[in-house]
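Descriptive structure summary
Given next are the chains, with one letter for each unit.
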Amino acid sequence: MKRFKLVICLLSLTLVLALGGNSIANDQEKYIVPGKVTLIDLGSHKCLPCRMMTPILNQLKREYENKAAIVFLDVWQDQEVAKVFGIRVIPTQVFFNEKGEEILRHEGFMDKQTIVDQLARMGVK
C-alpha cells in the first residue's frame, strides 16, 4: 500500500511538472533565509511520506528557532518551486549553508535524527 501511495505521489508530481505554467526563473534564493543554515523540505500536504514529515518539521522549527531556518514548500500548491529546485521525487530535503550554497539533497522521507545530525555537521547546535 505504501508503495502504491508513493507511485501516486510520483505520478502526480510528474503531472504537475508537465502542466506547469509560465516561464520560471531558476531562483532558489528567494526561498533561502539569508545568513542562516536553511533546510527546505519540498513536498505536499497530500502525500503520505510528506505528511509523515510534518510533525518532525514542526518540532524542528521550534527547536531551531533563531539557529536555522526550516522551510516547507508545497510543490502541488506552488508548481514553480518544483521547477526551481528540479524536484523529481517528494518529499525532497535540500540543505543550504549560511552563504546559500546547496550542501546536501535527499529524496524521500528523512527522520528527525538524520536531519539533526546534518544540521550539526553544518555547524548548527
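Here, every reference points to the structure presented above.
Below is a short write-up of the structure.

Thresholds, definitions, all that
Residues numbered from 1 in each chain as written. Predicted model: local features only at pLDDT ≥ 70, side-chain atom pairs only at ≥ 80, totals over all residues. Heavy atoms only, no water. Core = buried A, V, L, I, M, F, W, Y, C linked by side-chain atoms within 4.5 Å. Buried < 20%, exposed > 50% of the residue type's maximum accessible area, 1.4 Å probe, protein only. Helix = DSSP H or I, 4+ residues; strand = E, 2+ residues; numbered from the N terminus. Phe/Tyr/Trp six-rings, centres within 6.5 Å; stacked < 30°, edge-to-face > 60°.

Topic: the nonpolar core
- Residues Tyr-31, Ile-40, Leu-42, Leu-73, Val-81 and Phe-85 are the most contacted members of the largest nonpolar core, which totals 18 residues.
- Within the residue set of this core, elements represented by two or more residues are strand S1 (38-43), strand S2 (69-74), helix H3 (79-84) and strand S3 (92-96).

Things to note about the packing of aromatic side chains
- One pass over the full model with this rule turns up two aromatic pairs.
- Plain terms: the ring middles of Tyr-31 and Phe-85 are 5.7 Å apart, the flat faces sit at 55° to each other, and that makes the pair tilted. Taken together, the residues Tyr-31 in the loop between helix H1 (2-19) and S1 and Phe-85 in the loop between H3 and S3 connect sequence positions 54 residues apart. We note that Tyr-31, like Phe-85, is buried.
- A centroid spacing of 6.3 Å and a plane angle of 65° characterise the contact between Phe-85 and Phe-96, whose relative ring orientation is edge-to-face. Of the two residues, Phe-85 is situated in the loop between H3 and S3 and Phe-96 in strand S3; the sequence distance between them amounts to eleven residues.
- When its relative accessible area of 3% is taken as the criterion, Phe-85 is described as buried.
- Taking the relative accessible area as the measure of exposure, Phe-96 reaches 0% and is therefore buried.

Limitation: the analysis is restricted to geometry and does not speak to function.
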